[in-house]
Structures are given as C-alpha cells and as structure tokens.
Amino acid sequence: MKLRKGARWGAMLAASGLMIGLAACSSGGSGGGSGGGDVAGAKLTVMIGSSGDAETKAVTDAVDAWAKDNKASAKVVAANDLVQQLGQGFAGGNPPDLFYMGWDQFQTYASKKYLEPYAKDAANKGDFYPALKDAFTYKDTFYCEPKDFSTLGLIINTDMWTAAGLTDADIPKDWAGLEAAAKKLTTPTTAGLSFGAEYARIGVFMNQAGGSLLSKDGKKVTADTPENLAGLQEVQKLVSDGVLKFPAEIDSGWSGEALGKGKAAMVIEGPWISGLKGDYPDLKYTVAELPAGPGGQSTFTFSNCWGIPAQSSTSSAAESLVSFLTSDKQQLEFSKAFGVIPSTESAAKTYATTYPENQAFVTGNDYAVSPVAFAGAATVITDFNSQLQGIATGDPKAILAALQTNLQSALDAANK
C-alpha cells in the first residue's frame, strides 16, 4: 500500500490546483471561536491522507490512546482525496479539528490565514529538523509541527549490481560515478537508471549543480541560471547516453515499479520504496545518498505537518494531541507500523540505528531542501512538469526561461 504514497509526491503538485477556490472562503476553524477550550470532554475530528490500512490503524490507535488518557473523544477520518476533502471542509466552514497539511499546500493555506500558528509557541519547537521547520514556516512564523519526513535516495538492485561486476567502491559519489555505474548496469532489457520526469525528481539535479528556484531571501525567482541549466543538461546527457529511462518508457507506472520488475537497476525514490516488498518479495536493494553535483550534495525533503484551523474552539485539545503524536516515542511507533521517518532529530537518530538500511534517507535530511511551494507556485510547477516530459529532445534554456517568467509572476502575485 505504500506504493501509492511514493507515487503521489509528484502528483500532489498538480492536485494543489484545487486550492484556487479557497481564496473566496472564510477562515476559521470548526468551532469558529477565538481558540482555547478544555481538553477533557473535547470532541475532535482528525483527517489524514493515509498510505494504507497500516497507517490508518496506527494513527487511530494513537489518537484513541490520547483520547482515553485525556477523557476526550476523537474520530480519525482517512480521506479518499485529502486535498479535495480538506478544501471542501474549509469552503463549507467546517474543517476538521486536526489534519495532515502537505508541504505543497501549506503556503497557500497559511497565506489565506486558514491555519493556527501554534507551533511557534510549542514546547518541542526546537526538536525538529531545521529543513522541516522551514517547510512549515510562513513569513518567519513556524505554523505547524511536522509529523514525519521523507527524502530521496539512490535505490540500487544489489543482484544486478553484483552481476555487473560492481562493488561498494563503485557506489556513485558524484555525477561521473553515477554515469559510469548506470552505463555498466544498462542492458538491452534493463535501464541503468530511472526516475520520474518531473520537478520532484529532476529538481535535485538542478540543486546539485548549485541552482535553486528562489533566492535565499525568497523574494526573487532564480530559475533561469547557468546552474539550473547544468542540472537539466546532466539529465539530458543520461538520456542521450541511453542509461536513463523514464518509467513510462519501460512499461512502469513509477520508477519503484520499474525496480521491482527488473526494468531498472537504480532508481531515485524515497523510503516508501519499502512497500515493494509485498509485490516483489525476492527484490534485494540497498539505499545510498544521492551523488553530489558540481554544487555539492542535495536532495528534496517531503513532509506533512499537523494542521489546526485558525481560531478553532478546540485548539487546546488539538495542540495536546499534536504534542502526543509528535513525541519521540509515538513517532517511533509510527515508524514501526508504516515506515515513516520521525521529524525530530533525536527520534530520527534512533530510527537510523533501528533501521540501518534507511540510514541514507536520514542522513540526507542534513542537507535536504524543500521543493518550491509558495502560494500560487503549484500551477506553474504543473506546467514545468509538462515541459520536463519532453526533456529528452527539449531545449533546456527555453524551458527555464518560461519557468522564470511564469514563476516570477506567481511570486509577485503571492507577495502582493
């Protein structure tokens, strides 16, 4: 069931276009009050976007345990379409009391003042990875606590690696090493490397080249730069060398499936890759950090936070529940149940020791960045993804020039 979660990261960018209609909606939580309220006797609705039965059960069990200890009641709702259902809840003036808020949706909700910025005063606000805090910070205010995270790593089929005569010494540390390994792993029936033709994957090459889509102060778009061009050109080189195949080219819905089917020897994906074990029990793989580019190491970090509606009458109870859910003990229980990496640095270190096969994902968060996600960026990134579908024969300079213009217009609108 985790496969859906892995395949969803890129698609969520397009889905966030559903948020446009929220601009006309009133803010405020389900209670419509000024916040506060007693914990005992509170009745909460918690909406999540679940990766499957294991996640739903784990969250429900945790919420039930908190409710019992606090003489409250809480109902967990596993949304079929979290983006749509959450938007409908706010549009109807009846949002859930607590909910998963995606990294790609956060800026839109925060800019419209739909969220309570409770995290800025939370007792454990200093426990989270800085990159995760940044992902859920709007105008220098830390709004909502990250519930867990995922980064991207290089997933290697170890049987194919050995068959190609490669050893641990050949694990790519830079782009040259990636090219060399992918070439040796490529056969008439197997691509040496595969990943989605989308910003959520190709963007890491741009970052590894030293590029970014925004200036450090977030006030200027920096898409059309030599560094970003170098990142796209590296992807083009991998394609032209015949070692990179996108999933659709090798009869796969996403690169994880290509790895499981033996259509690709290496893929760029996140810890949700563990979900392959159910469908491909004989698959053996190892996880390495992504190779560095000329600008150094970089990967993307993806996360959800625990969102609370602004001015909700149940905010005190919701904050109490968040404190329970983000504790190291509970996050490690979630890790055991459905594989997520804890958002606090201390729990993540324990996770890395407990699950050494995922050490690279944890280490990657030390230098990870969040994909661009300011209010209004999603529509532009959707168009950028469409352009990246044709990266094999496209003009990278023209693609970046269009991105520069469109993303700057969106940023200007967001900053008005």
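**Describing the packing of helix H16 (residues 377-388) against helix H17 (residues 396-414)**
Packing of H16 against H17 leaves a shortest axis separation of 9 Å and a crossing angle of 170°. The angle between H16 and H17 falls in the class roughly antiparallel. Counted together, Ala 377, Val 380, Asp 383, Phe 384 and Gln 387 of H16 and Ile 399, Leu 403, Asn 406, Leu 407 and Ala 410 of H17 form the full contact between these two elements. Of the residues assigned to the contact of H16 with H17, the class counts are 7 nonpolar, 2 polar and 1 charged.

**Topic: the pattern of salt bridges**
Counted under the stated rule, the structure contains 9 salt bridges. Residue Lys 261 is joined to Asp 251 by a salt bridge in which the shortest nitrogen-to-oxygen separation is 3.6 Å. Residue Lys 261 is found in the loop between helix H10 (255-260) and strand S8 (266-269), and its partner Asp 251 is found in the loop between helix H9 (226-240) and H10; the two are separated by 10 residues along the sequence. The structure contains a network of salt bridges with shared partners spanning Glu 55, Lys 147 and Asp 148.

**Describing the environment of Gln 85**
Relative to the helices and strands, Gln 85 resides in helix H3 (residues 82-91). The sequence separation of Gln 85 and Pro 96 amounts to 11 residues, and the corresponding C-alpha distance is 9.8 Å. Once residues lying within four places of it in the same chain are set aside, the contact partners of Gln 85 are Met 47, Ala 79 and Asn 80. A polar contact is formed between the side chain of Gln 85 and the backbone nitrogen of Asn 80, at a distance of 2.8 Å.

**Looking at the nonpolar core**
Soluble globular proteins tend to pack their nonpolar side chains together in the buried interior. Among the nonpolar cores identified, the biggest contains 124 residues, and Leu 193, Met 266 and Trp 306 are the most heavily contacted of them. Filtering out sequence-adjacent residues up to four positions away, Leu 193 remains in contact with Leu 154, Leu 178, Ala 182, Leu 238, Val 243, Leu 244, Lys 245, Met 266, Val 267 and Ile 268.

What counts and what doesn't
Residues numbered from 1 in each chain as written. Predicted model: local features only at pLDDT ≥ 70, side-chain atom pairs only at ≥ 80, totals over all residues. Heavy atoms only, no water. Axes fitted to C-alpha atoms, helices over the stretch in contact; angles between N-to-C directions. Helix = DSSP H or I, 4+ residues; strand = E, 2+ residues; numbered from the N terminus. Parallel < 35°, antiparallel > 145°, perpendicular 65-115°, else oblique. Contact = heavy atoms within 4.5 Å. Nonpolar A, V, L, I, M, F, W, Y, C, P; charged D, E, K, R; others polar. Salt bridge = Lys/Arg side-chain N within 4 Å of Asp/Glu carboxyl O. Polar contact = N/O pair within 3.5 Å; in protein donor to acceptor, adjacent residues only side chain to side chain. Core = buried A, V, L, I, M, F, W, Y, C linked by side-chain atoms within 4.5 Å. Buried < 20%, exposed > 50% of the residue type's maximum accessible area, 1.4 Å probe, protein only.

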